[in-house]
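This is what each chain is made of:
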Amino acid sequence: MLIKLRKMMTNQKGFTLVELMVVIAILGILAAIAIPKLTSATDSAKLAKVQADLRTIGGAVAMYQAKNGKLPDTLSVLEGSGADKELAAVPKPPAGAGADAYTYDKATGIASYSFDGKTYKSDGTNTATPKT
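Computed from a prediction, not measured in an experiment: that's the story for all the values here.

Once that is clear, we can look at the overall build of the protein. A tally of helices and strands in the protein yields two helices and four strands. Listing the helices and strands of the protein from first to last along the sequence gives α-α-β-β-β-β. Residue burial in the protein is summarised as follows: out of 132 residues, 22% are buried. As displayed, the protein offers around 9600 Å² of accessible surface, 64% of which is attributable to carbon and sulfur atoms.

In structure tokens:
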């Protein structure tokens, strides 16, 4: 009977517990390396969208001013359909980046957005956001 049991054990195929634990440990190390890089890539993409949106808004404000001789009162004046409007719609900031809309200063004609400890502006200047 002992000989039959040994023959059955030698014919079985599979992985040992030690082999499985080594594979799980390696996967855990790889995940620990990859996850922080993915989150920083997400933040970089959000920042790139904010900067592109602000350039778009800045260009629309400049076109409005050239056409009408004055700065727009709000960003919503710029949006609509047809040739007389500068934007089809005012861009929305990326989800999870902070506020849900860009701010606009009608005295200067500059749109801005605070993200990741800095304030980005449509004129290209970036300033550190003061801590409160």
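Don't stop here, the text continues.
By the definition in use, this model includes two salt bridges. Between Lys 49 and Asp 53 there is a salt bridge, with its nearest N and O atoms 2.7 Å apart. In this pair, Lys 49 and Asp 53 both sit in helix 2 (residues 17–68), four residues apart, roughly one turn of the helix. Among the salt bridges present, the one from Lys 67 reaches Glu 86, with a minimum N-O distance of 2.8 Å. With Lys 67 in helix 2 and Glu 86 in the loop between helix 2 and strand 1 (103–105), the pair connects residues that are 19 residues apart, well separated along the chain. Classification of Lys 67 as partly exposed rests on a relative accessible area of 46%. Glu 86 gets classed as buried once you look at its relative accessible area, which sits at 13%.

A few words now on the sheet that holds strand 4 (residues 126–128). Across the sheet, four strands lie side by side as 1-2-3-4; this open sheet has antiparallel pairing. What marks the edges here is a single partner per strand, and that holds for strand 1 and strand 4. Ignoring strand direction, the axes of neighbouring strands in this sheet form an average angle of 25°. Looking at chain direction, strand 3 (residues 118–121) and strand 4 are connected through three bridges and run antiparallel. The partner of Tyr 120 across the bridge, within strand 4, is Asn 126. In this fold helix 2 packs onto strand 1, strand 2 (110–115), strand 3 and strand 4, with an angle of close to 170° to the strand it touches most, strand 2.

Quick notes on the rules
Residues numbered from 1 in each chain as written. Predicted model: local features only at pLDDT ≥ 70, side-chain atom pairs only at ≥ 80, totals over all residues. Heavy atoms only, no water. Helix = DSSP H or I, 4+ residues; strand = E, 2+ residues; numbered from the N terminus. Buried < 20%, exposed > 50% of the residue type's maximum accessible area, 1.4 Å probe, protein only. Areas by Shrake-Rupley, 256 points an atom, 1.4 Å probe, with all protein chains shown as cover. Salt bridge = Lys/Arg side-chain N within 4 Å of Asp/Glu carboxyl O. Pairing = 2+ DSSP bridges. Axes fitted to C-alpha atoms, helices over the stretch in contact; angles between N-to-C directions. Contact = heavy atoms within 4.5 Å.

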